[in-house]
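Chain by chain, the residues run as shown.
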Amino acid sequence: MWSPLKALVALCCFSPALVASDYYNKYYADYECNTPLLDRAILKATSSMQDRGPNNTRLDGGNAWTAQENDFDQQLIINLGSVMNITRIATQGRPHSAEFVTEFGVSYGYNGLDYADYKEPGGDSKMFKGNIDGNNIKRNEFEVPIIAQWLRINPTRWRDRISLRLEVYGCDYDADTLYMNGSSLVKWDLTREPISASRESLRLRFKTSMASGVLLYSRGSQGDFIALQLKDNRLLLNMDLGSGLMTPMSVGSLLDDNIWHDVLISRNRRDVVFSVDRVITRSRLKGEFSRLNLNRALYIGGVSNKQEGIVVTQNFTGCIENLYLNTTNMIRDIKEAYENNEALRYEKVNTLYTCPEPPIVPVTFLTEGSFARLRGYEGSSTLNVSLSFRSYEPKGILIQHNFTSQGYLKVFMEDGKVKVELVSENNPPILLDNYDEVFNDGRWHSLVLSASTNSLVLSIDQRPMRTTRLLKISTGSIYYIAGTGEKSGNVRGFVGCMRLISIDGNYKLPSDWRAEEYEGPVVFDSCRMTDRCNPNPCKHDGVCQQNSREFFCDCSNTGYAGAVCHTPIHPLSCQAYKNVMQSDQRAEIQIDVDGSGPLDPFQVTCEFFADGRVLTVVSHSNEMTTNVDGFQEAGAFRQDITYTASAPQLEALLNRSHTCRQRLSYSCHASRLLNSPSDEINFRPFAWWMSRHNQRMDYWAGALPGSRKCECGVLGTCIDPSKWCNCDSGQIGWQEDGGDLTEKEHLPVKQLRFGDTGTPLDEKEGRYTLGPLICEGDDLFNNMVTFRVTDATINLPTFDMGHSGDIYFEFKTTIENAVLFHSKGPQDYIKLSIIGGNQIQFQYQAGSGPLGISSQTSKRLADDEWHSVSVERNRKEARIVVDGSDKSEVREPPGPVRALQLNSPFVLGASVDYRDGFVGCIRALLLNGRPQDLRGYAERGIYGVGPGCAGRCHSNPCLNNGTCHEGYDSYTCDCRWTAFKGPICADEIGVNMKPNSMVKYDFMGSWRSTIAEKIRVGFTTTNPKGFLLGLFSNISAEYLTIMVSNSGYLRVVFDFGFERQEIIFPNKHFGLGQYHDVRLTRKNGGSTLVLQVDNYEAHEYNFDIKESADAQFNNIQYMYIGRNESMAEGFAGCVSRVEFDDIYPLKLLFQEAGPLSVKSYPGPLTEDFCGVEPVTHPPLILETRPPPLLDEDQLAKDYHRTDEAILGGVLAVIFIALVIVAAIVVRMVARHRGEYLTQEEAGAAGAPDSDEAALRAHTGPRVLKRQEFFI
């Protein structure tokens, strides 16, 4: 009989992966496994509103089930009456309302007590998408059908209220079952019909209460075998295709819970998919063979003796159901063979075709306050208690018994170890700690405790520990199991499962316990425990540990940190290390090139140079010079190169680096290298090297790919011009060919091959040296963009953050408040913002309410310096790390961890509606460790975004050494340290001087001594004489003056203590009313004076200063502008741009509430711009967001559709108007065609003529309307 399950397994034989949903659509239609199942089902709910109970949960019904409470604990429970094959589910919300479920989980069971979540291939509980309104139907199909009697629907997201209508589809489930009792087996003889295939599939269902046992085994005479077995409640698959290399695979956990589990094994040559309860693991079989050859026997449920690949010693105890090998239902074939007396190839031992329930009833103590109070024999001098337990909690009371005499006996767990505390009459208390291992590993452990006079025996897992001491007991009547009910904080109840509880030889079946024999939440006939460490939620090989509530990850020695070992602790590269560390010239570190990605960190040497270059050096095991001798055949000598990094790690490093190189040289003595020259066809070298892709390379270091040359052959410098390598010259003596390999796609060298080195006795010899792999730079940090306007964005594809994801990037900005990135879904979202210039805030929502986490940084973020941000959200927490040190985190709320459902683009630079935008630079964006090509987006042309990092200050818009403050969408100039003012420090600050005017700057005790002055003054005058600027010291009698001589020349006179000097700037008249700019500086220890006027070439004047002389200008006290106090008349004209080092006297003079150190004489002066118009820049080009791109084809369709609608509407209006007009016309016409009944004929009969008839007739109001036709 062909069944749906057989069809499923037949499909698996053709694909190693689980089948796709589109196949199932066809599959259900073909086999009609889509019958509505709720007609005979019983529905219950955890809560319901009045008149909206679970019985209203029918598809297309007029009402719906609505939960009384809107929380994650609401469930709709469906009892289908018997085990069914369930293939799909359809849902609706409450009709004509905004109450509907948008996401829900499904769990299933067989007894209404134990439920298993329907899972995704990765092991996460699958969340099914629900409705988008209250009326439309949403259908979800189970890619792997559910075999169960009970279904439980758990809404996890909803709109307004939890309201649901649904239908479940499927068909009857036919089961062929074998029961094994631990000594059973079925043997199928394959000697006559061997199995030899490159593809096969195996599917079965099983349930057991035993932790270990052989499920299936077969082998062949060539060493092939397949072994499926339970080991410590996990399913283990060992396979070998005859290569002698066994490949183990393991999946599942807590499989000894006595509920059905689905197993699928599908092999395509060496690729294997192994699945338990839809949780998938994939592997590739070791060796080079691809066929499985089995020609001995296939065993089901056990083996008769020890076999290769079997790691357990027990046969299977439990039930196996619907065992399919490819399309063959093996259990059905065995049953039919025995029924038809054709069972020659089968041997069946101690099996049944039914599945009896084992006489084992577990009990689950859900909380620390749960316990049992069971009776035993009172007054006995012996005590005997046994049970089996399993738990993940490190603490908890297992057994406590109070004697009728003084004292008690307590067995408890502490730090996972089982201990015994005994207090007896007239004896000091004792604490027994005899077992070194821990027992809170989630496995079943048997415990037997017996006590009698002077003896105490504790046995765990059949390992007894006996204690002998003075002891006399009299037992009480009550034995406390899993707790005592005491409220003391030191006493902690047991959380976990127990079974096979026996007290004084009496089996205490939990299902027989009376209400007064237990307290707290207790579940009977079910071990309700969850293995939160399977599959392992800890990334990067972190060690998972758990208790009854949550899991923990031990990230030691992984190179990662965080709640799930997801955050890398090593830098991304040597460049990243330099960006955050004060590095010396060299550092030995580990780098993690893909961040949180799958590649492990590896060891490198970083070298830093003063010019900013950063080198990454990867070493290998053969860097020393190695001799080659006695290998005559070409390539006979072989050296494999092993690096400190794996091939994927090296490839990632090479792809990210600017350039890479590796030094390779070969020294030869009468030994040839490439056997040059040669053409491509006749190229037969004696030596070569292999690239990282195992390509045999046809050139030597220093040459070009494909050249078949060495470096000297490319440069034309070989000692024999007719050869392309020095070593091919054949000359006696040592020669060398070497150079750098620089083609990144070929690096690093994976293998070296050499030949033509003769024998150890001749003169032929060689030696090679291969240097480390050296890479320079990191393109990740060149992948940067600039956001120039606040509503500019880069819209990346939707980022599937799911249950766990991370985002890393670096930014620099001057903006105080901005959104860095934003993405959203129907309800969920993620958003990262800068708040107040010194705080990073991450906000997100994943099904429940919004959550937020902020990190207050120790330094400002809006300081136009690079800052790094790492954002991570996982199953336990969300965390942000700023600049590698400022860390903040927030725990996920209680309840199921929901995946983030995002469907918008990942918007970088603003919110999804282009608000609260960021301006600045962003680089090195990694999403789950994968680099994003931001520069590529910018180079394609995006509004407001440019490649590289160049703000408005990049063009130096602030003149005269003004300081530009970057705003990226704007800039401001700080003119404090210039002699100018204005928006770009180009506005003159001058004063129009009269001959009696003077400006004096008094250093007021803060006297200066200089040896390298910086002096500037601008002026215009028509009077060719006058004092411009002077610096004086009455203490040292030293001075410097700048003036216009009577002949109109510029004259500089100074005396700095070594001798008076005078300089005249010739060939230029300065009294013609033109504006002049004079700059004067000293250098070379004061011995060289540099004078520059306007844009003319600067003149340098060197002075011969004796070693004993002092060139320093000492104790400057005053600065004068226009004249000094000894002059009657001074300069007449306009002076501006006056500066002496960092002093700007004219700016200070006109400053509001200026300092007392600067004054004007004889009275206040007026500010003047000296006729110099300020320089201006062309206005910035304003960028505006372009209109959104339209789909012209869709627009045309919509346009035509609109035209048709309008035309149809117009025609309809015209038609209706015509109908109305026609009705009016007909009515008007019919009004004159009516039939009337009058009284004129009455009395006119028999009248002799018409006149008499008129006189006899009746007229007037008696006229009656008889009939009138109208429309």
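Before any of the text, the structure's been laid out above.
Residues numbered from 1 in each chain as written. Predicted model: local features only at pLDDT ≥ 70, side-chain atom pairs only at ≥ 80, totals over all residues. Heavy atoms only, no water.

Caption draft 1: Examining the overall build of the protein chain more closely. On a plain count of helices and strands, the protein chain comes out with ten helices and 89 strands. Compactness check: the protein chain gives a C-alpha radius of gyration of 47 Å against a globular reference of 33 Å for 1271 residues, more than 25% above the reference. If one aligns the C-alpha atoms of the protein chain with their principal axes, the spans along those axes are about 165 × 135 × 90 Å. Going through the 1271 residues of the protein chain one by one, you find that 51% of them count as buried. Considering only intrachain contacts with a sequence separation of at least 6, the fraction spanning at least 24 residues in the protein chain is 69%. One finds the centroid of the 129 positive side-chain charges in the protein chain at a distance of 3 Å from the centroid of its 156 negative side-chain charges. (Helix = DSSP H or I, 4+ residues; strand = E, 2+ residues; numbered from the N terminus. Rg over C-alpha atoms; globule rule 2.2 N^0.38 Å. Buried < 20%, exposed > 50% of the residue type's maximum accessible area, 1.4 Å probe, protein only. Contact = heavy atoms within 4.5 Å. Lys, Arg positive; Asp, Glu negative; His and termini not counted. Charge placed at Lys NZ, Arg CZ, Asp CG, Glu CD.)

Caption draft 2: Quick peek at the pattern of salt bridges. Across all of its chains, the model carries 65 salt bridges by this definition. Salt-bridge contacts for Asp 176 lead to Arg 332; the nearest nitrogen and oxygen are separated by 2.8 Å. Highlighted residues: Asp 176 in the loop between strand E9 (163-172) and strand E10 (177-189) and Arg 332 in helix H3 (residues 330-339), separated in sequence by 156 residues. Between Glu 988 and Arg 1137 there is a salt bridge, with the nearest N and O atoms lying 2.5 Å from each other. Pair noted here: Glu 988 is in strand E71 (residues 987-988) and Arg 1137 is in strand E85 (residues 1133-1140), with a separation of 149 residues, a long-range link. No difference in accessibility class separates Glu 988 from Arg 1137, as the two residues are buried. Ionic contacts of the salt-bridge type, sharing partners, join the residues Glu 988, Arg 1016, Asp 1077, Arg 1079 and Arg 1137 into one network. (Salt bridge = Lys/Arg side-chain N within 4 Å of Asp/Glu carboxyl O.)

Caption draft 3: Main features of H3. Those residues of H3 that fall on the buried side of the exposure criterion are Met 330, Ile 331, Arg 332, Ile 334 and Ala 337. Taken together, the buried residues of H3 touch E10, strand E21 (297-300), strand E22 (317-325), strand E23 (328-329) and strand E24 (346-352). Immediately beyond the C-terminal end of H3, within one or two residues, lies Asn 341, with a positive phi of roughly 55°.

Caption draft 4: Broad picture of the packing of aromatic side chains. Within the structure shown, the criterion is met by 39 aromatic pairs. With 6.0 Å between their ring centres and 80° between their planes, Phe 799 and Phe 906 make a pair best called edge-to-face. You can see Phe 799 sitting in the loop between strand E55 (794-796) and strand E56 (805-813) and its partner Phe 906 sitting in strand E64 (residues 906-908), a full 107 residues away along the chain. Phe 906 matches Phe 799 in its accessibility class, with the two residues each being buried. For the ring pair Phe 1003 and Phe 1140, a centre distance of 6.3 Å and an interplane angle of 90° mean the geometry is edge-to-face. Taken together, the residues span a long stretch of sequence, with Phe 1003 in the loop between strand E73 (998-1002) and strand E74 (1008-1010) and Phe 1140 in strand E85 at a distance of 137 residues. Here the guanidinium or amino end of Lys 335 rests over the ring plane of Tyr 353, the centre of that ring lying 5.3 Å away. (Phe/Tyr/Trp six-rings, centres within 6.5 Å; stacked < 30°, edge-to-face > 60°. Lys NZ or Arg CZ within 6 Å of the ring centre and 35° of its normal.)

Caption draft 5: Main features of the nonpolar core. Core analysis: the biggest nonpolar cluster contains 47 residues, and Val 618, Leu 673, Trp 689, Trp 700, Leu 752 and Phe 754 have the highest contact counts within it. Those elements that place two or more of their residues in this core are helix H4 (574-580), strand E44 (586-591), strand E45 (602-608), strand E46 (614-618), helix H5 (647-656), strand E49 (659-669), strand E52 (751-754) and strand E53 (765-776). Beyond its immediate chain neighbours, meaning those up to four positions away, Leu 673 contacts Tyr 666, Pro 685, Phe 686, Ala 687, Trp 700, Cys 710, Cys 725, Cys 727, Asp 728, Asp 737 and Phe 754. In terms of nonpolar packing, the next biggest core, distinct from the first, is built from 44 residues, Val 785, Leu 796, Leu 861 and Cys 921 among them. (Core = buried A, V, L, I, M, F, W, Y, C linked by side-chain atoms within 4.5 Å.)

Caption draft 6: Broad picture of the sheet that holds E64. In spatial order, the strands read E55-E64-E57-E58-E59-E60; together these six strands make up an open sheet with antiparallel pairing. The sheet terminates laterally at E55 and strand E60 (851-856), the two strands that pair on one side only. Averaged over all neighbouring strand pairs, the angle between strand axes comes to 15°, with direction disregarded. (Pairing = 2+ DSSP bridges. Axes fitted to C-alpha atoms, helices over the stretch in contact; angles between N-to-C directions.)

Caption draft 7: Spatial organisation of empty space enclosed by the protein. What the rule picks out here adds up to seven cavities of 30 Å³ or more. There is about 80 Å³ of room inside the largest cavity. In terms of lining, the largest cavity is formed by 14 residues, of which the most central are Ala 846, Ser 848, Glu 892, Pro 893 and Arg 898. Residue composition of the lining of the largest cavity, grouped by class: eight nonpolar, three polar and three charged. Approximately 60 Å³ is the volume attributed to the second largest cavity. (1 Å grid on protein atoms, 1.4 Å probe; cavity = no way out; pocket = protein on both sides within 12 Å on 5 of 7 lines; lining within 4 Å. Points joined across faces, edges and corners; volume = space filled by probe spheres on them. Nonpolar A, V, L, I, M, F, W, Y, C, P; charged D, E, K, R; others polar.)

Caption draft 8: Inspection of unusual backbone geometry at higher detail. In this model, Leu 747 is joined to Pro 748 through a cis peptide bond whose omega is -5°. Looking at the secondary structure, you find Pro 748 in the loop between strand E51 (734-741) and E52. Residues Tyr 1161 and Pro 1162 are joined by a peptide bond in cis, for which omega reads 0°. Inspection of the secondary structure puts Pro 1162 in the loop between strand E86 (1158-1161) and strand E87 (1167-1168). Backbone geometry places Asp 1141, a non-glycine residue, at a positive phi of 55°.

Caption draft 9: A look at H5. Every buried residue of H5 is listed here: Gln 649, Leu 650, Leu 653, Leu 654 and Arg 656. Packing partners of the buried residues in H5 comprise E44, E45, E46, E49 and E53.

Caption draft 10: Looking closely at the environment of Asp 433. Inspection of the secondary structure assignment puts Asp 433 in the loop between strand E31 (430-432) and strand E32 (445-452). Judged by relative accessible area, which is 33%, Asp 433 ranks as partly exposed. Sequence spacing of Asp 433 and Met 465 is 32 residues, and the spatial spacing of their C-alpha atoms is 9.9 Å. Not counting chain neighbours up to four residues away, the residues in contact with Asp 433 comprise Lys 417, Val 418 and Lys 419.

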